[in-house]
Amino acid sequence: MKLSIKTTKQKFTQTDLLVVLSKKGAKLALPDGVKLPKHAVDSFEGKSREIRMVDPTAGAAKRVLLIGIGGGRNIDTETVRRCGAIASKQAEKADVVTAAIWFDIAAGKTAEAVGQALAEGVVMGTYHLDDFKKDPAEPSLKRTVIYGNSTEFNRGARKGEVIGAANCLAKRLQDTPGNLMRPRDLVAEARKIARRSKYISIDVIDEKKMKELGMGSLLSVSRGSSEPAYLIHLTYKKPKSSSKKVCLVGKGLTFDAGGISIKPSARMEEMKYDMSGGAAVLGAFDAIADLEPGMEVHGLVPTSENLPDGKANKPGDLVVAMNGLSIEVLNTDAEGRLILADAMSYAVEKIKPDHMIDLATLTGAAVVALGHEYSGVFGMDQTLIDALVESGKRTGELVWPLPIHDLHKKDMKGRVGDLKNIGSPSTGAGASTAAAFLSNFVGDVSWAHLDIAGSAWGSKERDYQSSTQGTGVGVRLLLDYLEHLS
Ligand code: BES
Ligand code: MN
Ligand code: ZN
């Protein structure tokens, strides 16, 4: 679907489906010439996500869909995002080729955010994964026009289009089956993204280079798989970018069977999603190529499979990470932290960022603690944590802080080596001990860890995301964080 953005002052052109957003308690604002039967308009309240299909009596639209965004003083952006997705979904359901979305509601200071949310929703609402069917259902909807009523709204809508597309990219990487989204495939996707911008360069560190760098922890995970591991390093740098340097790190485990500490078979297929942190970083870079933010941004995606085999890590094995710390692998299923350890050591030593944020489907414990609607955030830099919580509120990608206590750090000390890769059963707090483990690899960089094990898939249906697919979580959050950093 092609999206274009016009203003409500421009001529309203012929369309199959006109979608009119309407605020509860306000008079319906329609394009010039469009007339609706009085009873239809009178009985439509404009409640949040209320919909009404109407046959117009005059004007350049074959059909009209009214969607309510609710009442109240402030417009709720999450509702608008959902309404955007409802518009796309209803247009597809009605089998139309062209649609127009009319937004002529006073949005005041929130106009840009509202425009962004609407376009995000419209684009995210068109996400499908039919590529793998013999006869994929070709969506009828080819062109959508958003008519906005202010320059701020339209600026937001243009941004929202880019961000919505980046979210869809992340979802596609997530939902693609593990045999088709291997570490090498993630590398290919990253190369595609790098080609999109002259300001983005890519360096792919292969296993040979990893050995030279001393990445024994990351290498120990891929040893049990016939697919080689890679560390993807994307760099976005504009000639005039500010001195601020941000590094985003995403866990890219394309399939996690647990290794020798093998997982139970029930729902193991969901472990194709163990690369969701990497998908978020690649998705963010896809948008960065278009949005061109002011600071330097690095993206690191350590990518590997975690499988059992004759060469695989065995419980009790000792591995040494790039920063020199030795790790007892007491459970081979706690592999995410092993690959992140080397990626973050690399960031600290080679990139030296001002801020580092890692995203990882790291622990089942995070799902127990927070469920599927929140990502957990951990770290020692309260300002960074607060910024991510605020970004979560703005984007609807909710974030909730969880602790790293000194006793959690102490619990991760090893007996044979410096560290062990799992906490003691008596400590509990599995999400916190995992974060405590990671804290050994961040040097003195301002750092936050997002555990997205719950939020990456399995969240409740939200119009713009399905409960049975990946959510692309992290993309919109990271982009909002970057936008508000400058
Ligand atoms: N990828 C999993 C975490 C996970 C589990 C994410 C379920 C989403 C749903 C991770 O690699 C893992 O296996 N973690 C273990 C750690 C444990 C062995 C300390 C876990 O959470 O069980
Ligand atoms: Mn695991
Ligand atoms: Zn994992």
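Caption draft 1: Seen up close, the coordination of the zinc ion (ligand 3). At 2.0 to 2.4 Å from the zinc ion (ligand 3) lie its protein donor atoms, namely Lys251 (NZ), Asp256 (OD), Asp274 (OD) and Glu335 (OE). Mapping the donors of the zinc ion (ligand 3) onto the primary sequence yields the spacing K-x4-D-x17-D-x60-E. Separating the zinc ion (ligand 3) from the manganese ion (ligand 2) is a gap of 3.1 Å, which aspartate 256 spans by donating to each of them. Linking lysine 251 in the loop between strand S9 (245–250) and strand S10 (252–256) with glutamate 335 in the loop between strand S13 (326–329) and helix H9 (336–351), this pair joins segments that are 84 residues apart in sequence. The class of lysine 251 is buried, set by a relative accessible area of 1%.

Caption draft 2: A look at the coordination of the manganese ion (ligand 2). Around the manganese ion (ligand 2), the donor atoms from the protein are Asp256 (OD), Asp333 (O), Asp333 (OD) and Glu335 (OE), and they sit 2.0 to 2.2 Å away. Around the manganese ion (ligand 2) sit six donor atoms, and with donor-metal-donor angles ranging over 69 to 167 degrees the site reads as irregular. Between consecutive donors of the manganese ion (ligand 2), the numbers of intervening residues give the motif D-x76-D-x1-E.

Caption draft 3: Spotlight on the side chain of glutamate 78. Tracing the sequence through the fold places glutamate 78 in helix H2 (residues 77–93). The exposure class of glutamate 78 is buried, given its relative accessible area of 19%. Among the polar contacts listed, one links the side chain of glutamate 78 to the side chain of tyrosine 464, at a separation of 2.8 Å. Apart from residues no more than four positions distant in its own chain, glutamate 78 is found in contact with Thr395, Gly396, Arg462 and Tyr464.

Caption draft 4: Molecular detail of the site of ligand 1. Around ligand 1, the surrounding shell holds 16 residues, and the nearest of these are Lys263, Asp274, Asp333, Glu335 and Gly364. Within the side chain of aspartate 274, a nitrogen or oxygen atom sits 2.9 Å from a nitrogen atom of ligand 1. The separation between an oxygen atom of ligand 1 and a polar side-chain atom of glutamate 335 is 2.8 Å. Taken by itself ligand 1 offers 510 Å² of open surface, and the protein chains cover 77% of this. Considered class by class, the residues forming the shell around ligand 1 number five nonpolar, four polar and seven charged.

Cut-off values and rules
Residues numbered from 1 in each chain as written. Chains lettered and ligands numbered in written order. Predicted model: local features only at pLDDT ≥ 70, side-chain atom pairs only at ≥ 80, totals over all residues. Heavy atoms only, no water. Donors = N, O, S within 2.8 Å, 3.2 Å for Na, K, Ca; no water. Helix = DSSP H or I, 4+ residues; strand = E, 2+ residues; numbered from the N terminus. Buried < 20%, exposed > 50% of the residue type's maximum accessible area, 1.4 Å probe, protein only. Tetrahedral: all angles 85-135°; square planar, octahedral: opposite > 155°, others 65-115°. Polar contact = N/O pair within 3.5 Å; in protein donor to acceptor, adjacent residues only side chain to side chain. Contact = heavy atoms within 4.5 Å. Near = heavy atom within 4 Å. Areas by Shrake-Rupley, 256 points an atom, 1.4 Å probe, with all protein chains shown as cover. Nonpolar A, V, L, I, M, F, W, Y, C, P; charged D, E, K, R; others polar.

This is a description of form; function is not addressed.
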